[in-house]
Amino acid sequence: MELRHLRYFVTVAEELNFSRAAVRLYISQPALSRQIKNLEDELGVVLFLRQSDGLTLTEGGKFFLEQAKDILNRSHVAVQTLKTHYTNTDKPLVIGYIPTILQTFLGQTLHSFGRSYPEVAVRLQEMPPSEQVRALRDGAIDIAFMGNPPDELDEEFTVKCVKKVLIAAVIPDTHPLANESSINLASLASEKFIGMSEEKFPGRNDRIRDTCRCAGFMPNLHLFADSHASMIALVAAGQGIAVMPNEAEALPHPQVVFMRLHHPIYYARSTAVWRKETPYKSLDKYLKILFEYVQD
């Protein structure tokens with residue numbers, strides 16, 4: 001049993017609903033259901049009664065909820081005490097990121113950070129948003145840079161918008177509209193659209209639908225990519241068109257065009273996400289640099 005299993009259990013117990021708990025935890029509902037079932041099998045105790053109108057805690061579940069909350073709280077206090085009182089040197093700063101962000105503000109702030117604090121080592125780990133959230137919870141990374149996180153993350157983490165980025169259409173360079181200076185997204189309403197893996201980019205397809213809804217139609221999402229690079233590759237292969245933040249244009253994109261939209265004018269958010277506890281020295285130093293960038 002790991003601490004994350006206790007966090008999963010506590011969240012489900014608080015919501016008494018797998019769907020709502022999965023949204024809060026930023027994982028898929030089937031994966032969360034499996035984790036709870038595995039926990040029950042490991043303990044040899046049924047923690048929830050699954051009924052048509054929702055979940056209820058068993059007597060064993062109520063007892064375990066109190067113990068799980070106590071364990072999570074004590075582990076949190078222990079870690080924070082160690083970081084605050086027993087760390088003499090700056091530990092490395094570990095950053096999780098999606099690749100579209102690296103060549104924009106992340107690269108700029110890291111350059112400033114390196115000049116101001118050359119003694120602090122920085123480790124970068126490219127990972128999709130779902131893995132970033134898990135890594136934050138497990139303490140494997142210190143700060144995550146992702147696109148539009150679901151609002152529910154605000155309850156668990158500090159979430160700050162660093163930059164607003166225009167949404168663009170991504171079409172093959174052979175498309176009839178490829179030579180236009182800008183287009184109305186509605187002109188692509190009859191096309192097949194490429195979405196993103198819900199497992200790796202939870203909520204991203206809802207953002208795509210929102211963009212298209214502003215243009216007056218619902219997109220036909222028929223393929224789902226597991227990264228921005230594979231999304232671009234599918235467009236280049238003629239498998240459909242896509243909408244994504246125009247900062248993704250910094251990625252290699254042969255045979256596709258990032259097309260500016262004059263309607264709708266729709267923005268994505270590039271966000272920084274970190275744990276709510278008091279930042280340790282290295283992260284605190286980096287946040288000061290980051291906040292200077294945001295103010296600019």
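Figured I'd write up the structure that's included with this text. Note that the coordinates shown come from a computational prediction; the quantities given were computed from them, not determined experimentally.

1. Here we look at the overall build of the protein chain
- Of the regular secondary structure elements, the protein chain holds 10 helices and 13 strands.
- The dimensions of the protein chain, computed from C-alpha atoms along their principal axes, are 65 × 55 × 30 Å.
- Buried positions account for 45% of the 296 residues belonging to the protein chain.
- Partitioning the intrachain contacts of the protein chain with sequence separation of at least 6 by distance along the chain shows that 74% fall at a separation of at least 24.
- Accessible surface computed for the protein chain: about 14500 Å², of which carbon and sulfur atoms make up 51%.

2. Points about the pairing of strand 5 (residues 143–146)
- Neither face of strand 5 is exposed, since Ile143 and Phe145 on one face and Ala144 and Met146 on the opposite face are all buried.
- As paired strands, strand 3 (residues 93–97) and strand 5 are joined by three bridges and run parallel to one another. Within strand 5, the position partnered with tyrosine 97 by the bridge is phenylalanine 145.

3. A closer look at the packing of helix 1 (residues 3–15) against helix 2 (residues 18–25)
- Helix 2 packs onto helix 1 with a crossing angle of 130° between their chain directions and a minimal axis gap of 8 Å. Regarding the angle of helix 1 to helix 2, the classification is oblique. Our pair here, helix 1 against helix 2, has a crossing hand that is right-handed. Between helix 1 and helix 2, the residues in contact are Arg7, Tyr8, Thr11, Val12, Glu14 and Glu15 and Phe18, Arg20, Ala21, Arg24 and Leu25, respectively.
- For the contact of helix 1 with helix 2, a count of residues per class yields five nonpolar, one polar and five charged.

4. Remarks on the pattern of salt bridges
- For the structure shown, the criterion picks out 17 salt bridges.
- Residue arginine 209 is joined to aspartate 206 by a salt bridge in which the shortest nitrogen-to-oxygen separation is 3.2 Å. With a gap of three residues between them, arginine 209 and aspartate 206 both fall in helix 8 (residues 204–214), about one helical turn apart.
- For aspartate 206, a relative accessible area of 44% translates into the label partly exposed.
- Among the ionic contacts, a cluster of salt bridges with common partners joins Glu14, Glu15, Arg20, Arg24 and Glu155.

5. Side note on the nonpolar core
- Ranked by internal contacts, the top residues of the largest apolar core, which has 56 residues, are Leu106, Ile143, Phe145, Leu185, Leu188, Tyr286 and Leu290.
- A total of six residues in this core trace back to one element, the largest contributor, which is strand 6 (residues 157–172).
- Leaving out residues up to four positions away in the same chain, isoleucine 143 has contacts with Val94, Ile95, Gly96, Leu136, Ala272, Val273, Trp274, Leu283, Tyr286, Leu287 and Leu290.
- Counting 22 residues, the second-largest nonpolar core is a separate cluster that includes Leu6, Val12, Ala13 and Phe18.

6. Concerning a nonpolar patch on the surface
- The grouping of Met1, Leu43 and Val45 at the surface amounts to a nonpolar patch, some 230 Å² of accessible area in total.
- Mapping methionine 1 onto the fold places it in the segment before helix 1.
- In this structure methionine 1 comes out as partly exposed when scored by relative accessible area, which is 47%.

7. Notes on the environment of arginine 4
- Within the secondary structure layout, arginine 4 lies in helix 1.
- What makes arginine 4 partly exposed here is its relative accessible area of 23%.
- Sequence separation between arginine 4 and alanine 250 is 246 residues; the distance between their C-alpha atoms is 35 Å.
- Once residues lying within four places of it in the same chain are set aside, the contact partners of arginine 4 are Gln35 and Asp138.
- Of the polar contacts made by the side chain of arginine 4, one reaches the side chain of glutamate 2; its length is 2.9 Å.

About the criteria used
- Per chain, the residues get numbers from 1 upward, laid out in the order the sequence is written.
- In keeping with the model being predicted, local features are shown solely for residues with a pLDDT of at least 70 and side-chain atom pairs are shown and tallied solely at 80 or more, while totals for entire chains, interfaces and linings include all residues.
- To obtain the side-chain values, all non-hydrogen atoms of the structure were included, while hydrogens and water were left out.
- Helix numbers and strand numbers start at the N terminus; a helix is a DSSP run of H or I with at least 4 residues, a strand a run of E with at least 2.
- Burial classes follow relative accessibility: with a 1.4 Å probe on protein chains only, a residue under 20% of its type's maximum area counts as buried, one over 50% as exposed, and anything between as partly exposed.
- Residues are treated as being in contact if the distance between any of their heavy atoms lies within 4.5 Å.
- We get accessible surface area from the Shrake-Rupley algorithm with a probe of 1.4 Å; when it comes to residues, only the shown protein chains can shield them.
- Criterion used throughout: strands pair if DSSP finds at least two bridges between them.
- Lines fitted to the C-alpha atoms define the axes, with helices restricted to the stretch that makes contact. Angles between their N-to-C directions range from 0 to 180 degrees.
- We call two directions roughly parallel when the angle between them is under 35 degrees, roughly antiparallel when it is over 145, roughly perpendicular when it lies between 65 and 115, and oblique otherwise.
- Each crossing gets its handedness from the near helix: less than a right angle anticlockwise from the far helix is left-handed, clockwise is right-handed.
- Residues are grouped as follows: Ala, Val, Leu, Ile, Met, Phe, Trp, Tyr, Cys and Pro are nonpolar; Asp, Glu, Lys and Arg are charged; all remaining types, including Gly, are polar.
- Here, a salt bridge means any Lys or Arg side-chain nitrogen found within 4 Å of an Asp or Glu carboxyl oxygen.
- What makes a nonpolar core is a set of buried Ala, Val, Leu, Ile, Met, Phe, Trp, Tyr and Cys residues whose side-chain atoms join them at distances within 4.5 Å.
- By definition, no residue in a patch forms a salt bridge, and every one has over 30% relative accessible area; like charges are joined within 9 Å, nonpolar side chains (Val, Leu, Ile, Met, Phe, Trp, Tyr) within 5 Å.
- In protein, a polar contact means a hydrogen-donor-capable atom and an acceptor-capable atom, both N or O and within 3.5 Å, with residues adjacent in sequence counting only if both atoms are side-chain atoms; elsewhere, any N or O pair within 3.5 Å suffices.

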